[in-house]
Amino acid sequence: MAALTACGGGQQDDAPLSRFAIEETTSPSPSSEQAPVASILEGLAAQFPNGQLPKEQEAQAALELEQNPAVLSYTADEEMSVAKLAEEVSDWMANATRKVLGQKLGTTPLYRPVVRFRTPSGYFYTASPAEIATITSQQPTWIREGTAMHGSSESNWGLSPVYRFRNNATGSYIYTISPTEKQAIVDNLSATFTLDGAAWYSSSSAGSGFSPVYRFRNILNGSYLWTGSEAEKEAIVANYSAIFAFEGVAFHTPIAAPNEVFVETPIKLNNGILGDKPKIQRQGDGTLVVAYGDAPDGAGMVYDVKGQNERPARDIFVKTCKPSATKTCNLFADWSAPINVSKSALMQSTGSFDWRGTLGNPGTYPGDIDKANIKTTGPIITLTWVSKYCPDGDPSTAAIELPVQRAVRYLERNDRVIPFSCAWTSYSTTKGTSWSPAKQLSSGERDAIQDASSGSISTDTSSASYNKGQIVYSWQEDPQGLALGEADGPGDGASGANVNGGTDVWYSYATVDLTQTPAPAPGAEYNTTYYNLRPSQRLTDNWTNQYGINGSVNYIYDGSGTNVPESSIEKGQTGAARPNIGMVGSTTIVAYEETKGSNGLDDGKFVRYHAFPYATVPATAAGKAGCIISDPSKNARRVRFLTQSPTDAGTGGIQIGIFWKEGSYDKGGPSDIRVRRGMGGLQPANLLPAVDANCATSDYATAIGLTSTKGDNISSKAPTATVANLTDNTELNYTENALAHRGVLRGEDMWIGYNYTGDLVKLWAGLDNYNFWIRRFNMTTGWDNPKNVTNITNKGINVREPRIFGTPKSNQTSCPTGNPADASTTNPADCQNANVVYLAWGTQTNVSPYDPAGGQDLGEFITVSRDSAASFAPVVKLSAVQGVYWGDQESAYESQNVTNPDGSRFYSVWNQKVLTTDETQVEFVSGNVLAP
């Protein structure tokens, strides 16, 4: 039999196979050359001591094999067979999200190669990388023949376990998908056969996307051979029929996808019970840094305006782990002890606030934080957050000034008076193992939110600027307090999108020189050459030196419970919201949405853009106004941008891609995603499609008359779109909507994706849903057509909070040339593969926008492309939990993800909620991608 060759081969093995118990299905009927059921049972009986199955087991097996009742269901009331399901998803098996046998949400399973070894007593099959490695190193007489078939590591899509038994007398093995055969051996032949468990999962039914696995019985020694190769099967039948008796189709193997994503077992990472909004960063040496919120022991109660509930105050915590040969980071013990960076939850406001409103018991307020925002810039990691602890009335001075923190009363929230927040920061130059003392950036006189940071630090060891550069900060401050949302849908927002007039974007920067030694002494972490933080200042011009309130009732209070005089409350005609900040070289980039200041003529917003030398905040009227890059006649919001250095962009290349949501309506109305590209530079004059040269204006009448070319419309008519649709007006197809836009920029390629529904009315009626579509722009070929990546066909489920993430730059030490094959490369995984693009997303129930409870979070998923988004691997579950829709009392949401430079391994964190206790926790998982 040495002449027999296995089909397939070439797949690289990796992490151990996961195994899960499921409802049993039955053995299949062959799809071709069907053998009688009796011959399969006779083959098994030939290995039994008495050469015969007990009559009861034989009758039960025959009946079960003939009935073959394997089914799946889209929903609780619609059933279909595996074969029928496979036919519907034959174009790509990742196309659908299904409910499997009443179990959890399923996607295309994790397919692993099943490797065949020829042994002295027969054939051995395994999908376990650990077993393959052990056999290869310790069993020299076992000949590895390659990949015989593929198996899934999960039971999704109705796949059944293939059980493995060892014949203790001969050392041969038998594999069966039949629960009857399995049980008969366990009940009657346990002295001869030892059950090893489920070796992998396969289908008991034929269908597109599956191929048959044939079983042969060796007449001479009673062992068995299984093959998924048609050619090998025909060769055995034609040339070895005197040795091998053909017994038909044993089961069906999934056809392997070109790329395969494998996810390890998630772990809870935080120590407390209120883990919140985790963020993850990967350092150049591979160290993982996770920042998150959690409640420290002894924290007092606060009111969560966004969550509309009382809970213990949170702090910002950080944990680190560096993967190595002896540490995977997949164990809780692999991670460092948590470092409390903010240290404010146990502190109290200096004022007294009636924060429980009609519930009574006013008093001081704990220093609760909102969420951690983290950014890695070369050797520096920067954390920012907003907190209710604001002890310094003027952070621009060296001394601690008397507090000026104010508060706002929310009539809609039981008349609660909630203190304003102030912005804070901390930095680490030790890969997250130690942090500078938290530094207050704003006073709390205005309510701060939407904080972020960026930076530019030289990592070129040959440059005189090595380890020198700057860090920049931005946030928004509302003089009349965080406004509750007004958009349709669940809850009242309170995210900072809805603002009062006079809300400005604030800015600060720090110059950095890490070559200065020693590091700053305690107390000097922010005012030496090592790290010199400058006082914050307004970037925008929305406060126009006017004072007063919006409306007729003053809801602003000071720390003594007294109304702040209206003559001390800033106001303006317009307000800025949701700023984003970035840096390219020494240029700071800020983009945000801003109300139009039209005196009631237009309730929409502009998207504005600034690009300026980091140390020179614009002082002219045009500079402070910022360039309007959106269509001034439309409502534009949620601007995001992607940047890269001129070197990475190439001559005349894309240095910035900036994109936003735009349409005529607000509050959830139809809109599209618009895009401009900064070609060869970052200034408005570099943007394509081009903007009006007079785009920097604060005058509404001038703004509404701008004649900028509209940004590329990349979401219009997504299912059928071509480049001809890039100029579509949003209202051309007024039923569709796009949102949740994300992107990646690498060299000549830019990928931008978005959630899309073709019909909002059908969406609200449960007849359509949101899927995530992706579109690539290439410097040479332009825009590709949109591609639906998630392909969820269940209209009761929407994609939520998608994430696109690419690979980081090569490590200069272990991959100095960027070429994994170069002699100087010591670790090929540290060489960037810019063609790798990952996509992760959450899922949520699709409910009416008027449902007061809102959609319920379900689970997280992930896929990868290794060919610049031309194709994607089958979708797999990122989170183990899947939400109440699938009978799970835990849900997962809002993943954050990073990968190593070659894209072969990824690391993810997300929030997980225990629905029965309201405990929230930070989950971590790692995974890897097998090469095609």
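Rules used in this analysis
- Residues numbered from 1 in each chain as written.
- Predicted model: local features only at pLDDT ≥ 70, side-chain atom pairs only at ≥ 80, totals over all residues.
- Heavy atoms only, no water.
- Helix = DSSP H or I, 4+ residues; strand = E, 2+ residues; numbered from the N terminus.
- Buried < 20%, exposed > 50% of the residue type's maximum accessible area, 1.4 Å probe, protein only.
- Contact = heavy atoms within 4.5 Å.
- Areas by Shrake-Rupley, 256 points an atom, 1.4 Å probe, with all protein chains shown as cover.
- Disulfide = S-S within 2.5 Å.
- Pairing = 2+ DSSP bridges.
- Axes fitted to C-alpha atoms, helices over the stretch in contact; angles between N-to-C directions.
- Phe/Tyr/Trp six-rings, centres within 6.5 Å; stacked < 30°, edge-to-face > 60°.
- Core = buried A, V, L, I, M, F, W, Y, C linked by side-chain atoms within 4.5 Å.
- Salt bridge = Lys/Arg side-chain N within 4 Å of Asp/Glu carboxyl O.
- pLDDT = per-residue confidence, 0-100.
- Polar contact = N/O pair within 3.5 Å; in protein donor to acceptor, adjacent residues only side chain to side chain.

Draft legend 1. How the structure looks around the overall build of the protein. When its secondary structure is counted, the protein shows 10 helices and 56 strands. Of all 932 residues assigned to the protein, the portion counted as buried reaches 59%. Across the protein, contacts joining residues at least 24 apart in sequence account for 66% of those joining residues at least 6 apart. Summing over all exposed atoms, the protein offers an accessible surface of approximately 34,500 Å²; the carbon and sulfur share of this is 50%.

Draft legend 2. How the structure looks around the state of the cysteines. Across all of its chains, the model carries 4 disulfides by this definition. Paired through a disulfide, Cys627 and Cys695 show a sulfur-sulfur distance of 2.0 Å. Across the S-S bond of Cys627 and Cys695 the torsion is about -115°, and the bridge reads as left-handed. Placement of the pair is Cys627 in strand S39 (residues 627–628) and Cys695 in the loop between strand S43 (687–688) and helix H9 (700–704), with a sequence separation of 68 residues. Pair check on accessibility: Cys627 and Cys695 agree, each one buried.

Draft legend 3. Molecular detail of the sheet that holds strand S11 (residues 210–218). As summarised here, the arrangement of the 3 strands in space is S12-S11-S13, forming an open sheet in which the pairing is antiparallel. Each of the sheet's edge strands pairs with one partner strand only, and the pair in question is strand S12 (224–227) and strand S13 (244–254). Looking at each pair of strands side by side, their axes are set apart by 25° on average, direction ignored. Sheet topology note: the S11/S13 ladder contains 8 bridges and is antiparallel.

Draft legend 4. View of the packing of aromatic side chains. This model, assessed by the stated rule, comprises 29 aromatic pairs. Ring geometry for Tyr125 versus Tyr175: centroids 5.4 Å apart, planes at 85°, classification edge-to-face. Of this pair, Tyr125 sits in strand S6 (residues 122–126) while Tyr175 is found in strand S9 (residues 173–176), placing the two residues 50 residues apart along the sequence. In this pair, the class of Tyr125 matches that of Tyr175, namely buried. Between Tyr125 and Trp226 the ring centres are 5.7 Å apart and the planes differ by 90°, which places this aromatic pair in the edge-to-face class.

Draft legend 5. Structural context of the nonpolar core. Residues Tyr125, Met149, Tyr175, Trp200, Trp226 and Phe251 are the most contacted members of the largest nonpolar core, which totals 35 residues. For this core, the leading source of residues is S13, giving 4 residues. Residues contacting Tyr125, with those up to four places away along its chain left out, are Val114, Val115, Arg116, Ala148, Met149, Arg164, Tyr175, Trp200, Leu225 and Trp226. Counting residues in each nonpolar core, the second largest holds 24 residues, with Val302, Phe353, Val417 and Leu482 among its members.

Draft legend 6. A look at the sheet that holds S39. As summarised here, the arrangement of the 4 strands in space is S36-S37-S38-S39, forming an open sheet in which the pairing is antiparallel. This sheet does not close on itself; its edge strands, each paired only once, are strand S36 (576–584) and S39. Sheet topology places S36 next to strand S37 (residues 587–595); 7 bridges connect them, and they run antiparallel. Looking at the pairing, Met583 lines up with Thr588 of S37.

Draft legend 7. Region of the structure containing the pattern of salt bridges. Per the stated rule, a full pass over the model turns up 41 salt bridges. Between Arg116 and Glu232 there is a salt bridge, with its nearest N and O atoms 2.7 Å apart. Placement of the pair is Arg116 in strand S5 (residues 111–119) and Glu232 in helix H6 (residues 230–239), with a sequence separation of 116 residues. On the basis of relative accessibility, which here comes to 0%, the residue Arg116 falls in the buried class. A residue is classified by how much of its surface remains accessible, and Glu232, at 4% relative accessible area, is buried. Measuring nitrogen to oxygen at the nearest pair gives 3.2 Å for the salt bridge that ties Lys268 to Glu919. Here Lys268, found in strand S15 (residues 267–268), pairs with Glu919, found in strand S56 (residues 919–930); they are 651 residues apart in sequence, far enough to count as distant. Connected through salt bridges with shared partners, the residues Arg406, Glu445, Arg446, Glu477, Asp504, Arg538 and Glu570 form a single ionic network.

Draft legend 8. The confidence of the model for the protein, seen in detail. For the protein, mean pLDDT is 86; residues scoring 70 or higher make up 86% of the total. Within the model, pLDDT remains below 50 along residues 1–109, and this stretch shows 292 contacts once partners closer than five positions in the same chain are excluded. Ignoring residues within four places in sequence, the model shows residues 487–492, a span with pLDDT below 50, making 16 contacts including any to other chains.

Draft legend 9. Region of the structure containing the environment of Tyr173. Residue placement: Tyr173 occurs in strand S9. The spacing of Tyr173 and Ser223 is 50 residues in sequence and 7.2 Å in space, taken between C-alpha atoms. Beyond its immediate sequence surroundings of up to four residues, Tyr173 is in contact with Tyr123, Phe124, Trp142, Arg164, Phe165, Arg166, Asp196 and Trp226.

Draft legend 10. How the structure looks around helix H5 (residues 179–188). Of all the positions in H5, only Pro179, Thr180, Glu181, Lys182, Ala184 and Ile185 are classed as buried. Between the side-chain oxygen at the start of H5 and the backbone nitrogen of Thr180 there is a gap of 3.2 Å, and the oxygen is on Ser178.

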